[in-house]
Amino acid sequence: MTDVMPEQVVDLDAVLGDEPVAPVGDELEPVDEQLIARLAGRARAGGLQLTGEGGLLAQLTKRLVESALEGEITDHLGYGRHDAAGRDGGNSRNGHRAKTVLTEVGPVEIDVPRDRDASFEPKIVAKRQKRLSGVDEMVISLSAKGLTTGEISAHLAEVYGAQVSRQTISTITDKVIEGMTEWQNRPLDPIYPVIFIDAIHVKIRDGKVSNRPIYVALAVTCEGHRDILGLWAGDGGEGAKHWLHVLTELKNRGVEDVCMVVCDGLKDLPDAIEAVWPRAVTQTCVVHLLRNSFRYAGRQHYDAIAKALRPIYTAPTEAAAMERFLEFCETWGERYPAIVRLWENAWAEFVPFLGFDTEIRKVICSTNAIESVNARIRRAVKARGHFPNEAAALKCVYMAIMSLDPTGQGRKRWMMRWKPALNAFEMTFDGRLAAGRR
(Lines give C-alpha, C1' and ligand atoms only; values in the text may rest on other atoms or scores of the structure.)
Protein backbone atom coordinates (compact mmCIF):
# COMPACT_ATOMS: atom_id res chain seq x y z
CA MET A 1 0.00 0.00 0.00
CA THR A 2 1.25 3.52 -0.81
CA ASP A 3 2.68 5.34 2.19
CA VAL A 4 0.73 8.31 3.48
CA MET A 5 2.66 11.55 2.92
CA PRO A 6 3.08 13.95 5.87
CA GLU A 7 0.97 16.64 4.22
CA GLN A 8 -1.94 14.16 3.99
CA VAL A 9 -2.27 13.75 7.76
CA VAL A 10 -5.07 15.68 9.43
CA ASP A 11 -4.09 17.25 12.76
CA LEU A 12 -6.82 15.71 14.88
CA ASP A 13 -5.52 17.41 18.02
CA ALA A 14 -6.15 20.78 16.39
CA VAL A 15 -9.69 19.77 15.49
CA LEU A 16 -10.71 17.60 18.44
CA GLY A 17 -8.65 19.13 21.23
CA ASP A 18 -6.63 17.21 23.83
CA GLU A 19 -9.37 15.94 26.09
CA PRO A 20 -10.67 12.38 25.69
CA VAL A 21 -14.28 11.82 24.66
CA ALA A 22 -16.40 12.52 27.74
CA PRO A 23 -19.35 10.26 28.59
CA VAL A 24 -22.77 11.66 29.40
CA GLY A 25 -24.46 9.15 31.70
CA ASP A 26 -24.11 5.81 29.96
CA GLU A 27 -23.91 7.31 26.47
CA LEU A 28 -21.37 9.29 24.51
CA GLU A 29 -21.96 12.94 23.70
CA PRO A 30 -23.92 13.50 20.49
CA VAL A 31 -21.78 13.72 17.35
CA ASP A 32 -20.93 17.32 16.47
CA GLU A 33 -21.91 17.90 12.83
CA GLN A 34 -19.62 20.92 12.56
CA LEU A 35 -16.74 18.87 13.86
CA ILE A 36 -17.36 16.23 11.18
CA ALA A 37 -17.52 18.92 8.52
CA ARG A 38 -14.18 20.37 9.66
CA LEU A 39 -12.55 16.93 9.60
CA ALA A 40 -13.92 16.14 6.16
CA GLY A 41 -12.81 19.53 4.86
CA ARG A 42 -9.25 19.13 6.11
CA ALA A 43 -9.12 15.60 4.69
CA ARG A 44 -10.17 16.85 1.25
CA ALA A 45 -7.73 19.75 1.39
CA GLY A 46 -4.84 17.45 2.27
CA GLY A 47 -5.80 14.71 -0.21
CA LEU A 48 -6.19 12.22 2.65
CA GLN A 49 -7.85 8.91 1.83
CA LEU A 50 -10.83 7.86 3.94
CA THR A 51 -9.88 4.24 4.63
CA GLY A 52 -6.65 2.24 4.68
CA GLU A 53 -3.52 2.65 6.73
CA GLY A 54 -3.10 6.27 7.84
CA GLY A 55 -6.52 7.24 6.46
CA LEU A 56 -8.94 9.55 8.23
CA LEU A 57 -11.01 6.70 9.70
CA ALA A 58 -7.84 5.00 10.96
CA GLN A 59 -6.78 8.21 12.71
CA LEU A 60 -10.22 8.64 14.25
CA THR A 61 -10.24 5.00 15.36
CA LYS A 62 -6.84 5.47 16.98
CA ARG A 63 -8.00 8.56 18.83
CA LEU A 64 -11.25 7.00 20.05
CA VAL A 65 -9.62 3.75 21.17
CA GLU A 66 -6.87 5.57 23.01
CA SER A 67 -9.42 7.85 24.68
CA ALA A 68 -11.37 4.80 25.83
CA LEU A 69 -8.19 3.19 27.16
CA GLU A 70 -7.34 6.36 29.09
CA GLY A 71 -10.81 6.25 30.60
CA GLU A 72 -10.30 2.61 31.59
CA ILE A 73 -7.00 3.22 33.35
CA THR A 74 -8.48 6.23 35.12
CA ASP A 75 -11.26 4.00 36.47
CA HIS A 76 -8.66 1.37 37.41
CA LEU A 77 -6.42 3.80 39.33
CA GLY A 78 -9.18 6.00 40.71
CA TYR A 79 -7.76 9.33 39.56
CA GLY A 80 -7.13 11.23 36.32
CA ARG A 81 -4.00 12.16 34.46
CA HIS A 82 -1.70 14.63 36.20
CA ASP A 83 -3.68 14.21 39.43
CA ALA A 84 -1.60 14.67 42.59
CA ALA A 85 -3.08 11.43 43.94
CA GLY A 86 -0.64 9.56 41.74
CA ARG A 87 2.36 10.87 43.62
CA ASP A 88 1.71 9.17 46.98
CA GLY A 89 3.79 6.13 46.20
CA GLY A 90 0.87 3.84 45.31
CA ASN A 91 0.07 2.43 41.90
CA SER A 92 0.30 5.03 39.15
CA ARG A 93 0.59 5.47 35.40
CA ASN A 94 3.75 4.16 33.83
CA GLY A 95 3.85 5.43 30.29
CA HIS A 96 2.52 3.62 27.23
CA ARG A 97 3.37 0.75 24.96
CA ALA A 98 2.78 0.72 21.22
CA LYS A 99 0.50 -1.92 19.76
CA THR A 100 -0.93 -2.46 16.29
CA VAL A 101 -4.47 -3.82 16.03
CA LEU A 102 -6.41 -4.82 12.96
CA THR A 103 -9.67 -2.91 12.54
CA GLU A 104 -12.38 -2.66 9.91
CA VAL A 105 -10.58 0.36 8.45
CA GLY A 106 -7.14 -1.25 8.37
CA PRO A 107 -4.19 -1.66 10.77
CA VAL A 108 -4.10 1.01 13.48
CA GLU A 109 -1.17 1.65 15.82
CA ILE A 110 -2.34 2.64 19.30
CA ASP A 111 -0.63 3.63 22.53
CA VAL A 112 -1.85 1.46 25.41
CA PRO A 113 -1.39 2.99 28.89
CA ARG A 114 0.46 0.99 31.55
CA ASP A 115 0.53 1.09 35.34
CA ARG A 116 3.44 0.37 37.69
CA ASP A 117 1.81 -2.71 39.29
CA ALA A 118 1.03 -4.20 35.84
CA SER A 119 -2.48 -4.89 37.19
CA PHE A 120 -4.31 -2.89 34.50
CA GLU A 121 -6.38 -5.19 32.29
CA PRO A 122 -7.87 -3.19 29.39
CA LYS A 123 -11.29 -4.29 28.14
CA ILE A 124 -11.72 -2.55 24.79
CA VAL A 125 -8.38 -3.94 23.56
CA ALA A 126 -7.42 -6.77 25.87
CA LYS A 127 -3.85 -7.95 26.40
CA ARG A 128 -2.61 -10.02 23.45
CA GLN A 129 -5.70 -9.01 21.44
CA LYS A 130 -4.69 -8.22 17.86
CA ARG A 131 -8.10 -7.50 16.32
CA LEU A 132 -11.11 -5.40 17.21
CA SER A 133 -14.37 -7.36 17.27
CA GLY A 134 -15.64 -5.91 14.00
CA VAL A 135 -12.85 -7.71 12.13
CA ASP A 136 -13.98 -11.07 13.51
CA GLU A 137 -17.52 -10.32 12.38
CA MET A 138 -16.22 -9.38 8.93
CA VAL A 139 -14.27 -12.63 8.61
CA ILE A 140 -17.28 -14.70 9.68
CA SER A 141 -19.50 -12.83 7.21
CA LEU A 142 -17.07 -13.43 4.33
CA SER A 143 -16.78 -17.09 5.28
CA ALA A 144 -20.57 -17.43 5.38
CA LYS A 145 -20.70 -16.15 1.80
CA GLY A 146 -18.48 -19.01 0.69
CA LEU A 147 -14.99 -17.47 0.63
CA THR A 148 -12.19 -19.83 1.58
CA THR A 149 -9.62 -18.94 4.25
CA GLY A 150 -7.10 -18.14 1.51
CA GLU A 151 -9.55 -15.85 -0.29
CA ILE A 152 -10.42 -14.03 2.95
CA SER A 153 -6.74 -13.55 3.73
CA ALA A 154 -6.13 -12.14 0.24
CA HIS A 155 -9.17 -9.85 0.55
CA LEU A 156 -7.99 -8.38 3.86
CA ALA A 157 -4.51 -7.81 2.42
CA GLU A 158 -5.81 -6.18 -0.76
CA VAL A 159 -8.51 -3.97 0.74
CA TYR A 160 -7.16 -3.20 4.22
CA GLY A 161 -3.44 -3.81 3.84
CA ALA A 162 -3.61 -6.29 6.72
CA GLN A 163 -1.74 -9.57 6.83
CA VAL A 164 -3.97 -12.19 8.47
CA SER A 165 -2.93 -15.82 8.22
CA ARG A 166 -5.24 -18.57 7.09
CA GLN A 167 -4.81 -20.23 10.48
CA THR A 168 -5.97 -17.04 12.24
CA ILE A 169 -9.02 -16.87 9.98
CA SER A 170 -9.84 -20.49 10.74
CA THR A 171 -9.49 -19.74 14.46
CA ILE A 172 -11.91 -16.82 14.14
CA THR A 173 -14.54 -18.89 12.35
CA ASP A 174 -14.14 -21.69 14.90
CA LYS A 175 -15.72 -19.32 17.43
CA VAL A 176 -19.10 -20.02 15.89
CA ILE A 177 -18.95 -23.70 16.91
CA GLU A 178 -19.87 -22.96 20.53
CA GLY A 179 -22.86 -20.93 19.38
CA MET A 180 -23.81 -23.64 16.89
CA THR A 181 -23.86 -26.30 19.62
CA GLU A 182 -26.11 -24.16 21.80
CA TRP A 183 -28.38 -23.36 18.83
CA GLN A 184 -28.61 -27.02 17.83
CA ASN A 185 -29.76 -28.05 21.31
CA ARG A 186 -32.13 -25.18 22.10
CA PRO A 187 -35.71 -25.99 23.22
CA LEU A 188 -38.36 -25.80 20.49
CA ASP A 189 -42.04 -24.86 20.35
CA PRO A 190 -44.59 -27.54 21.30
CA ILE A 191 -46.37 -27.33 17.94
CA TYR A 192 -45.60 -26.08 14.43
CA PRO A 193 -48.14 -25.64 11.62
CA VAL A 194 -45.65 -26.87 9.00
CA ILE A 195 -42.17 -28.35 8.97
CA PHE A 196 -40.31 -28.62 5.67
CA ILE A 197 -37.56 -31.23 5.57
CA ASP A 198 -34.92 -31.75 2.91
CA ALA A 199 -31.26 -32.61 2.51
CA ILE A 200 -28.38 -31.19 0.53
CA HIS A 201 -25.22 -33.10 -0.34
CA VAL A 202 -21.69 -31.87 0.31
CA LYS A 203 -18.32 -33.42 -0.42
CA ILE A 204 -16.41 -34.50 2.68
CA ARG A 205 -12.88 -35.88 2.63
CA ASP A 206 -12.71 -38.68 5.18
CA GLY A 207 -10.09 -41.03 3.81
CA LYS A 208 -11.65 -40.41 0.41
CA VAL A 209 -13.97 -37.72 -0.93
CA SER A 210 -17.61 -38.75 -0.83
CA ASN A 211 -21.01 -37.10 -1.01
CA ARG A 212 -22.64 -36.81 2.39
CA PRO A 213 -26.12 -35.46 3.18
CA ILE A 214 -26.71 -32.50 5.46
CA TYR A 215 -30.28 -32.72 6.77
CA VAL A 216 -32.18 -29.45 7.21
CA ALA A 217 -35.52 -28.92 9.00
CA LEU A 218 -37.30 -25.59 8.54
CA ALA A 219 -40.48 -24.80 10.46
CA VAL A 220 -43.13 -22.13 10.32
CA THR A 221 -44.10 -20.98 13.82
CA CYS A 222 -47.63 -20.22 14.98
CA GLU A 223 -46.78 -16.50 14.67
CA GLY A 224 -45.66 -16.92 11.04
CA HIS A 225 -41.90 -16.73 11.65
CA ARG A 226 -39.39 -18.91 9.80
CA ASP A 227 -37.32 -21.06 12.15
CA ILE A 228 -34.56 -23.42 11.04
CA LEU A 229 -34.71 -26.13 13.70
CA GLY A 230 -31.36 -27.75 13.13
CA LEU A 231 -28.68 -29.31 10.93
CA TRP A 232 -27.55 -32.91 10.94
CA ALA A 233 -24.80 -34.65 8.99
CA GLY A 234 -25.62 -38.08 7.60
CA ASP A 235 -23.19 -40.88 6.93
CA GLY A 236 -24.33 -41.91 3.47
CA GLY A 237 -27.26 -41.54 1.13
CA GLU A 238 -30.35 -39.66 2.25
CA GLY A 239 -32.42 -42.28 4.06
CA ALA A 240 -35.70 -42.54 5.95
CA LYS A 241 -33.93 -44.28 8.83
CA HIS A 242 -31.75 -41.26 9.47
CA TRP A 243 -34.74 -38.95 9.10
CA LEU A 244 -36.43 -40.96 11.87
CA HIS A 245 -33.46 -40.14 14.10
CA VAL A 246 -33.69 -36.43 13.19
CA LEU A 247 -37.44 -36.22 13.79
CA THR A 248 -37.12 -38.06 17.10
CA GLU A 249 -34.51 -35.52 18.22
CA LEU A 250 -36.89 -32.69 17.36
CA LYS A 251 -39.60 -34.35 19.44
CA ASN A 252 -37.17 -34.75 22.35
CA ARG A 253 -36.41 -31.01 22.12
CA GLY A 254 -40.07 -30.21 22.71
CA VAL A 255 -41.97 -30.58 19.42
CA GLU A 256 -45.04 -32.50 20.53
CA ASP A 257 -47.19 -31.98 17.44
CA VAL A 258 -46.91 -30.91 13.80
CA CYS A 259 -49.88 -30.27 11.54
CA MET A 260 -48.09 -30.98 8.26
CA VAL A 261 -44.67 -32.21 7.20
CA VAL A 262 -43.68 -31.36 3.62
CA CYS A 263 -40.96 -33.53 2.11
CA ASP A 264 -39.72 -35.07 -1.09
CA GLY A 265 -40.85 -38.50 -2.21
CA LEU A 266 -38.29 -40.51 -0.24
CA LYS A 267 -39.46 -44.09 0.32
CA ASP A 268 -40.55 -44.98 3.89
CA LEU A 269 -40.31 -41.34 5.01
CA PRO A 270 -44.10 -41.08 5.63
CA ASP A 271 -43.82 -44.05 8.01
CA ALA A 272 -40.99 -42.30 9.91
CA ILE A 273 -43.08 -39.14 10.23
CA GLU A 274 -46.13 -41.06 11.45
CA ALA A 275 -44.03 -42.90 14.04
CA VAL A 276 -42.95 -39.59 15.61
CA TRP A 277 -46.05 -37.43 15.10
CA PRO A 278 -49.09 -39.69 14.46
CA ARG A 279 -51.44 -36.75 13.80
CA ALA A 280 -49.18 -35.07 11.22
CA VAL A 281 -50.22 -34.97 7.57
CA THR A 282 -47.40 -35.93 5.22
CA GLN A 283 -47.35 -33.92 1.99
CA THR A 284 -45.11 -34.88 -0.91
CA CYS A 285 -43.57 -31.91 -2.67
CA VAL A 286 -45.30 -31.46 -6.02
CA VAL A 287 -42.20 -29.87 -7.55
CA HIS A 288 -40.13 -32.95 -6.65
CA LEU A 289 -42.85 -35.19 -8.13
CA LEU A 290 -42.86 -33.25 -11.40
CA ARG A 291 -39.07 -33.14 -11.54
CA ASN A 292 -38.87 -36.90 -11.08
CA SER A 293 -41.52 -37.40 -13.79
CA PHE A 294 -39.43 -35.60 -16.39
CA ARG A 295 -36.54 -37.96 -15.70
CA TYR A 296 -38.54 -40.70 -17.41
CA ALA A 297 -39.75 -38.58 -20.33
CA GLY A 298 -38.07 -37.79 -23.62
CA ARG A 299 -37.03 -34.17 -23.97
CA GLN A 300 -39.25 -33.78 -27.04
CA HIS A 301 -42.28 -34.55 -24.83
CA TYR A 302 -41.46 -32.25 -21.88
CA ASP A 303 -44.00 -29.56 -22.81
CA ALA A 304 -46.76 -32.05 -23.53
CA ILE A 305 -46.12 -33.98 -20.28
CA ALA A 306 -46.11 -30.74 -18.27
CA LYS A 307 -49.39 -29.67 -19.87
CA ALA A 308 -50.99 -33.07 -19.18
CA LEU A 309 -49.86 -33.18 -15.52
CA ARG A 310 -50.93 -29.64 -14.61
CA PRO A 311 -54.69 -30.44 -14.37
CA ILE A 312 -53.86 -33.14 -11.81
CA TYR A 313 -52.14 -30.96 -9.21
CA THR A 314 -54.40 -27.96 -9.83
CA ALA A 315 -57.61 -29.97 -9.53
CA PRO A 316 -60.21 -28.58 -7.08
CA THR A 317 -60.72 -31.93 -5.34
CA GLU A 318 -59.05 -35.32 -4.96
CA ALA A 319 -61.80 -36.93 -7.08
CA ALA A 320 -61.20 -34.45 -9.90
CA ALA A 321 -57.45 -35.06 -9.65
CA MET A 322 -58.04 -38.81 -10.04
CA GLU A 323 -60.11 -38.21 -13.18
CA ARG A 324 -57.34 -36.09 -14.69
CA PHE A 325 -54.76 -38.72 -13.72
CA LEU A 326 -56.73 -41.47 -15.47
CA GLU A 327 -56.84 -39.28 -18.58
CA PHE A 328 -53.07 -38.89 -18.35
CA CYS A 329 -52.64 -42.67 -18.04
CA GLU A 330 -54.80 -43.22 -21.10
CA THR A 331 -52.73 -40.79 -23.18
CA TRP A 332 -49.20 -41.43 -21.89
CA GLY A 333 -49.33 -44.67 -19.90
CA GLU A 334 -48.24 -46.94 -22.72
CA ARG A 335 -45.28 -44.75 -23.69
CA TYR A 336 -44.19 -43.81 -20.14
CA PRO A 337 -45.39 -46.45 -17.65
CA ALA A 338 -42.65 -45.40 -15.18
CA ILE A 339 -44.28 -41.96 -14.79
CA VAL A 340 -47.64 -43.60 -14.09
CA ARG A 341 -46.08 -45.89 -11.48
CA LEU A 342 -44.30 -42.93 -9.88
CA TRP A 343 -47.58 -41.04 -9.37
CA GLU A 344 -49.42 -44.16 -8.20
CA ASN A 345 -46.79 -44.84 -5.53
CA ALA A 346 -46.83 -41.19 -4.38
CA TRP A 347 -50.59 -40.68 -4.60
CA ALA A 348 -51.39 -41.06 -0.88
CA GLU A 349 -48.86 -38.38 0.05
CA PHE A 350 -49.59 -36.19 -3.00
CA VAL A 351 -53.34 -35.62 -2.48
CA PRO A 352 -53.57 -34.21 1.10
CA PHE A 353 -53.07 -30.57 0.03
CA LEU A 354 -56.02 -30.87 -2.40
CA GLY A 355 -58.36 -31.03 0.58
CA PHE A 356 -57.23 -27.72 2.02
CA ASP A 357 -58.07 -24.07 1.55
CA THR A 358 -56.46 -22.29 -1.40
CA GLU A 359 -54.28 -20.24 0.97
CA ILE A 360 -52.80 -23.41 2.43
CA ARG A 361 -52.24 -24.95 -0.99
CA LYS A 362 -50.09 -22.03 -2.10
CA VAL A 363 -47.49 -22.56 0.60
CA ILE A 364 -47.43 -26.31 1.20
CA CYS A 365 -47.58 -27.83 -2.26
CA SER A 366 -43.79 -27.71 -2.55
CA THR A 367 -40.61 -27.46 -0.53
CA ASN A 368 -39.77 -24.13 -2.18
CA ALA A 369 -39.57 -22.52 1.27
CA ILE A 370 -36.63 -24.72 2.21
CA GLU A 371 -35.23 -24.93 -1.32
CA SER A 372 -34.48 -21.19 -1.19
CA VAL A 373 -32.49 -21.80 2.00
CA ASN A 374 -30.70 -24.73 0.38
CA ALA A 375 -29.77 -22.54 -2.60
CA ARG A 376 -27.95 -20.15 -0.25
CA ILE A 377 -26.21 -23.07 1.43
CA ARG A 378 -25.09 -24.51 -1.91
CA ARG A 379 -23.54 -21.19 -2.90
CA ALA A 380 -21.57 -21.17 0.33
CA VAL A 381 -20.27 -24.74 0.00
CA LYS A 382 -19.62 -24.66 -3.75
CA ALA A 383 -16.54 -22.49 -3.39
CA ARG A 384 -15.01 -24.94 -0.90
CA GLY A 385 -14.98 -27.91 -3.26
CA HIS A 386 -14.89 -30.34 -0.35
CA PHE A 387 -14.43 -30.25 3.42
CA PRO A 388 -11.78 -32.03 5.50
CA ASN A 389 -14.35 -33.39 7.96
CA GLU A 390 -17.98 -33.32 9.02
CA ALA A 391 -17.47 -30.53 11.57
CA ALA A 392 -16.03 -28.18 8.92
CA ALA A 393 -19.01 -28.83 6.64
CA LEU A 394 -21.53 -28.19 9.42
CA LYS A 395 -19.72 -25.00 10.43
CA CYS A 396 -19.91 -23.65 6.88
CA VAL A 397 -23.61 -24.50 6.53
CA TYR A 398 -24.40 -23.00 9.94
CA MET A 399 -22.70 -19.71 9.09
CA ALA A 400 -24.55 -19.60 5.77
CA ILE A 401 -27.98 -19.92 7.39
CA MET A 402 -27.13 -17.47 10.17
CA SER A 403 -26.45 -14.81 7.52
CA LEU A 404 -29.58 -15.49 5.45
CA ASP A 405 -31.44 -12.26 6.15
CA PRO A 406 -29.10 -9.50 7.38
CA THR A 407 -31.60 -6.66 6.73
CA GLY A 408 -34.69 -8.40 8.12
CA GLN A 409 -36.68 -7.70 4.94
CA GLY A 410 -36.96 -11.39 4.13
CA ARG A 411 -38.50 -12.03 7.55
CA LYS A 412 -41.17 -9.39 6.90
CA ARG A 413 -42.02 -10.79 3.47
CA TRP A 414 -42.20 -14.30 4.93
CA MET A 415 -44.68 -13.25 7.63
CA MET A 416 -46.88 -11.38 5.14
CA ARG A 417 -46.99 -14.48 2.94
CA TRP A 418 -47.89 -16.83 5.78
CA LYS A 419 -50.54 -14.83 7.67
CA PRO A 420 -53.44 -15.86 5.39
CA ALA A 421 -52.31 -19.50 5.47
CA LEU A 422 -52.10 -19.52 9.28
CA ASN A 423 -55.67 -18.29 9.51
CA ALA A 424 -56.70 -21.16 7.24
CA PHE A 425 -54.64 -23.60 9.35
CA GLU A 426 -56.45 -22.41 12.49
CA MET A 427 -59.79 -23.42 10.97
CA THR A 428 -58.61 -26.58 9.22
CA PHE A 429 -56.80 -28.12 12.19
CA ASP A 430 -59.50 -27.31 14.73
CA GLY A 431 -57.58 -25.22 17.24
CA ARG A 432 -54.42 -27.35 17.47
CA LEU A 433 -52.26 -24.26 16.94
CA ALA A 434 -53.49 -22.71 20.21
CA ALA A 435 -51.00 -24.86 22.15
CA GLY A 436 -48.14 -23.14 20.36
CA ARG A 437 -49.25 -19.67 21.49
CA ARG A 438 -49.43 -20.35 25.22
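The paragraphs below set out a description of the structure included in this document.

## Looking at the pairing of strand β6 (residues 208-220)
Across 13 bridges, the pairing between strand β5 (residues 191-206) and β6 is antiparallel. Counterpart to Lys203 in the pairing with β6 is Asn211. Here β5 hands over to β6 after one residue, with Gly207 in that stretch at a positive phi of 85°. Here β6 runs beside strand β7 (residues 226-233); their pairing, made up of seven bridges, is antiparallel. Residue pairing for β7: Leu218 is matched across the bridge by Ile228.

## Some remarks on the pairing of strand β8 (residues 257-263)
Judged by how many residues are buried, β8 sits mostly within the fold: seven of seven residues are covered. Pairing of β5 with β8 involves five bridges; the strand directions are parallel. In the sheet register, Tyr192 faces β8, and the bridge partner there is Val258. Bridge analysis of β8 against strand β9 (residues 281-284) gives four bridges, and the strand direction is parallel. In the sheet register, Val262 faces β9, and the bridge partner there is Gln283. Taking the sense of rotation as the criterion, the β-α-β connection linking β8, helix α9 (residues 269-276) and β9 turns out right-handed.

## Points about the pattern of salt bridges
Applying the stated criterion across every chain yields a total of seven salt bridges. Between Arg212 and Glu390 there is a salt bridge, and its shortest N-O distance comes to 2.7 Å. One end of the pair, Arg212, is in strand β6; the other, Glu390, is in helix α16 (residues 390-402), with 178 residues separating them in the sequence. Arg212 sits in the buried class, given a relative accessible area of 12%. Close ionic contact of Glu249 with Arg253 constitutes a salt bridge, the shortest N to O distance being 3.9 Å. When its relative accessible area of 11% is taken as the criterion, Arg253 is described as buried. Within the structure, one salt-bridge network assembled from shared partners comprises Asp257, Arg279 and Arg432.

## Observations regarding the packing of helix α11 (residues 302-313) against helix α13 (residues 337-350)
Orientation of α11 relative to α13, taken along the N-to-C sense of each, is 20°, at an axis distance of 13 Å. Considering the angle they form, α11 stands roughly parallel to α13. You can see that α11 and α13 cross each other, and the crossing is right-handed. Between α11, through Ile305, Leu309, Ile312 and Tyr313, and α13, the contact on the second element is made entirely by Ile339, Trp343, Trp347 and Phe350.

Rules of the game
Residues numbered from 1 in each chain as written. Predicted model: local features only at pLDDT ≥ 70, side-chain atom pairs only at ≥ 80, totals over all residues. Heavy atoms only, no water. Pairing = 2+ DSSP bridges. Helix = DSSP H or I, 4+ residues; strand = E, 2+ residues; numbered from the N terminus. Buried < 20%, exposed > 50% of the residue type's maximum accessible area, 1.4 Å probe, protein only. Right-handed = clockwise from strand over helix to strand, strands pointing away. Salt bridge = Lys/Arg side-chain N within 4 Å of Asp/Glu carboxyl O. Axes fitted to C-alpha atoms, helices over the stretch in contact; angles between N-to-C directions. Parallel < 35°, antiparallel > 145°, perpendicular 65-115°, else oblique. Left-handed = near helix turned anticlockwise from the far one by under 90°. Contact = heavy atoms within 4.5 Å.

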